[in-house]
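# An overview of the molecular structure
Residue strings, one per chain:
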There are 2 protein chains.
Amino acid sequence: MAAHTHDHPTPGAWSAHATEALARRGGRRSTARDAVLGALAAQDCCASAQEIHDRLRGQGNRVGIASVYRTLELLHEHGLVTRVDTGDGVARFEPALPGGEHHHHAVCTRCGSVEAFADDALEAAIHAIGDRVDFEVTGHDVALRGRCRACRAA
Amino acid sequence: MAAHTHDHPTPGAWSAHATEALARRGGRRSTARDAVLGALAAQDCCASAQEIHDRLRGQGNRVGIASVYRTLELLHEHGLVTRVDTGDGVARFEPALPGGEHHHHAVCTRCGSVEAFADDALEAAIHAIGDRVDFEVTGHDVALRGRCRACRAA
DNA sequence: GTCTAGTTGATAATGGTTATCATTACCGGC
DNA sequence: GCCGGTAATGATAACCATTATCAACTAGAC
């Protein structure tokens, strides 16, 4: 499939996978971490630490911003979350599925909105590069820049 | 060609192109701007504003850091420079050739080093996406993540 | 030479992210 | 069920790249 509306990963599946991975790592369970996990599982696409924090506070959760950052870092270290940099100076994060399925992002240079897309041919091309470069490729990012539908109309 | 050592664009060619583009835009000539242009033309791959500033100061040039940022912004607005975000919170810049030829970057997750690579198949795949998405694509970025040769050996 | 407005550069302000540290609370052992 | 140790928390200070401010400077037109 190419460039369609991206399917959101089943929230429960990722949540369970992430919780299990953290348990395997050792360490304690905490409410702050659970809250961030829940917020991540519930989101459609990438979200910044501040956005996650605001959302949690909005629903009455008194999580500290530091714990949001710490949890995101922890998840990122374990490959449970994908970091997305759109170039505006804020890091965004989204759940990373265990199977490796993922999408990329189209960033509007006018309004800053982010849309997801996936493309098999692109993945194939990137995979082929890995076999030729003198570099051990473990991951990749693709960002398209341009105008979203709304900004083209405006 | 794919994944070879990237050829550095002839420094003089880009420099002339950029100078001419800025002249066409109007405005004054300035020593600070010329200095940043010179530094950009001389660099092999992307460099941060701070790096450019340090290099200029190192060779006795009393350019203010603000002017470096201003010049980079100006060049970026005119498409004369490409902005590269490696995810470490610092923006890097490199000359953008008028023809549109460009390369992408492989970022080492261990030491942070950046290498350039180019791949025609990748470009073709990205171009094909543009025809299918409901998004007016004007540019794109690709970043590979992994281990560079040196860090694999270490 | 003079005038004017684009540029400069030192510095303050901004804002996302990270470090600090006293307090809290999870969890195994008793 | 209670303790003790320690991982984790959260408020806040520190950090640092970037941006805004503004008086001084200067390129270029007349």
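Residues numbered from 1 in each chain as written. Chains lettered and ligands numbered in written order. Predicted model: local features only at pLDDT ≥ 70, side-chain atom pairs only at ≥ 80, totals over all residues. Heavy atoms only, no water.

### Quick notes on the relation of the copies chain A and chain B
Between chain A and chain B, which share one sequence, the superposing operator has a rotation angle of 179 degrees and an axial displacement of 0.0 Å; the RMSD is 0.1 Å. Each copy turns onto its partner about a two-fold axis. By C-alpha distance to the rotation axis, the residue of chain A lying nearest is Val 142 of chain A, at 2.3 Å. A shared interface surface links the copies, since 100% of the contact residues of chain A are contact residues in chain B too. (Least-squares fit on C-alpha atoms with pLDDT ≥ 70 in both. Contact = heavy atoms within 4.5 Å.)

### Description of the nonpolar core
Leu 122 of chain A together with Leu 122 of chain B are the most contacted members of the largest nonpolar core, which totals 26 residues. Going through the elements one at a time, β4 (104–108), α5 (120–130) and β6 (136–147) of chain A together with β4 (104–108), α5 (120–130) and β6 (136–147) of chain B are the ones with two or more residues in this core. Excluding its chain neighbours within four sequence positions, the residues that come into contact with Leu 122 of chain B are Leu 122, Ala 125, Ile 126 and Ile 129 of chain A together with His 104, Phe 117 and Val 142 of chain B. Ranked by size, the runner-up nonpolar core spans 23 residues in total, among them Ala 21, Leu 40, Ile 52 and Leu 75 of chain B. (Core = buried A, V, L, I, M, F, W, Y, C linked by side-chain atoms within 4.5 Å. Buried < 20%, exposed > 50% of the residue type's maximum accessible area, 1.4 Å probe, protein only. Helix = DSSP H or I, 4+ residues; strand = E, 2+ residues; numbered from the N terminus.)

### Topic: the sheet that holds β4 of chain A
Spatial strand order, β5(A)-β4(A)-β6(A)-β6(B)-β4(B)-β5(B): six strands in an open sheet with mixed pairing. Each having just a single partner strand, β5 (114–117) of chain A together with β5 (114–117) of chain B make up the two edges of the open sheet. Each neighbouring strand pair of the sheet contributes to a mean axis angle of 25 degrees, computed without reference to strand direction. Bridge analysis of β6 of chain A against β6 of chain B gives 11 bridges, and the strand direction is antiparallel. Counted as the bridge partner of Val 137 of chain A is Gly 146 of chain B from β6 of chain B. Along the sheet, α5 of chain A makes contact with β4, β5 and β6 of chain A together with β5 and β6 of chain B, crossing β6 of chain A at roughly 140 degrees. With respect to the sheet, α5 of chain B is in contact with β5 and β6 of chain A together with β4, β5 and β6 of chain B, its orientation differing from that of β6 of chain B by roughly 140 degrees. (Pairing = 2+ DSSP bridges. Axes fitted to C-alpha atoms, helices over the stretch in contact; angles between N-to-C directions.)

### Considering the protein's contact with DNA strand D
Within the structure, DNA strand D sits among 22 residues, and Arg 28, Ser 30 and Arg 70 of chain A together with Tyr 69 and Ala 91 of chain B are positioned closest to it. Sugar and phosphate atoms form 56% of the subset of DNA strand D atoms that lie within 4 Å of the protein. A distance of 2.5 Å separates a base oxygen of DNA strand D from a polar side-chain atom of Arg 28 of chain A. In the environment of DNA strand D, a phosphate oxygen lies 3.1 Å from a nitrogen or oxygen atom belonging to the side chain of Ser 67 of chain A. The set of elements that each furnish at least two residues to the surface near DNA strand D consists of α2 (31–42) and α4 (65–77) of chain A together with α4 (65–77) of chain B. The residue inventory of the surface near DNA strand D, partitioned by class, reads seven nonpolar, six polar and nine charged. (Near = heavy atom within 4 Å. Polar contact = N/O pair within 3.5 Å; in protein donor to acceptor, adjacent residues only side chain to side chain. Nonpolar A, V, L, I, M, F, W, Y, C, P; charged D, E, K, R; others polar.)

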